[in-house]
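Breakdown of the fold
Residues per chain are reported as follows:
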Amino acid sequence: MAKVPLTDAEIEGLLQVPKKVQADVRWRIDSMQNWVKCELEVENEIKTNLKLNLNCNYEERSLFSFSLILNNAYRIAGLDYNGSHRNRHKDVNFWNSKTHKHRWTERCRDSWAYTPEDIISSDIKEVFVLFCKECNITHTGKFLPLPPNQKTIF
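First things first, this report covers the structure right here in the doc.

Strand β5 (residues 64-70) sits mainly inside the fold: seven of its seven residues count as buried. Neither face of β5 is exposed, since F64, F66, L68 and L70 on one face and S65, S67 and I69 on the opposite face are all buried. As judged from the seven bridges shared by strand β4 (residues 50-57) and β5, these two strands associate in the antiparallel manner. Residue N53 lies in a different strand from β5, and its bridge partner there is S67. Once β4 ends, the chain turns through six residues before running back antiparallel as β5.

This is the structure:
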């Protein structure tokens, strides 16, 4: 495996730095109308390029995810609500339509996951607040509701 450009210590340090998102969560429907998405700039004192990506299934609202992205390339933290995933490096844990979190590791990059103990709500806004808290992000904007998903019958 190629040398990983990010160490566990660097990621942990980056996650500990206080971060802020001032923008509102404003959902947009993707071109295939399968997902609604939002991308937010994350301000931080060390001037690192960070973004929060939010995704929610347009039809099945109990499928959503949040990702903290570094330099438009590295998912350093993530949460998949009711998602599926199999660990391949550190262990062989498997989630089939179950909530799990991702954390960047030197060995597995963004593909190592674990079962969170703090996610007890199914409300997307409440889960978003918990994810931000874990990543040391303060969100001061509004969390606007998901767009209606009623389809036309003709």
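Here the narrative resumes, following the displayed structure.
Quick look at the pattern of salt bridges now. Scanning all chains against the criterion turns up six salt bridges. With a closest N to O distance of 3.9 Å, E41 and K51 form a salt bridge. With E41 in strand β3 (residues 35-44) and K51 in strand β4, this pair connects stretches of sequence that are ten residues apart. Ionic pairing is found between K101 and E134, a salt bridge with its closest N-O pair at 2.2 Å. Pair noted here: K101 is in strand β7 (residues 94-103) and E134 is in helix α2 (residues 124-134), with a separation of 33 residues, a long-range link. Taking relative accessible area as the criterion, K101 reaches 3% and is therefore assigned buried.

Right, let's talk about the nonpolar core for a bit. General note: in soluble globular proteins, nonpolar side chains tend to be found buried as a group. W27, L52, L54, F66, L68, I76 and F128 are the most contacted members of the largest nonpolar core, which has 34 residues in total. Looking at this core, the elements that each hand over two or more residues are α1 (8-16), β3, β4, β5, β6 (74-86) and α2. Counting residues per element, this core draws most heavily on α2, at five residues. If we skip the residues at most four places from it in the chain, L52 touches V21, C38, E39, L40, V42, S67, L68, F128, F131, C132 and I137.

Procedures and definitions
- Residues numbered from 1 in each chain as written.
- Predicted model: local features only at pLDDT ≥ 70, side-chain atom pairs only at ≥ 80, totals over all residues.
- Heavy atoms only, no water.
- Buried < 20%, exposed > 50% of the residue type's maximum accessible area, 1.4 Å probe, protein only.
- Helix = DSSP H or I, 4+ residues; strand = E, 2+ residues; numbered from the N terminus.
- Pairing = 2+ DSSP bridges.
- Salt bridge = Lys/Arg side-chain N within 4 Å of Asp/Glu carboxyl O.
- Core = buried A, V, L, I, M, F, W, Y, C linked by side-chain atoms within 4.5 Å.
- Contact = heavy atoms within 4.5 Å.

Such coordinate-based values are descriptive only and should not be taken to indicate function.
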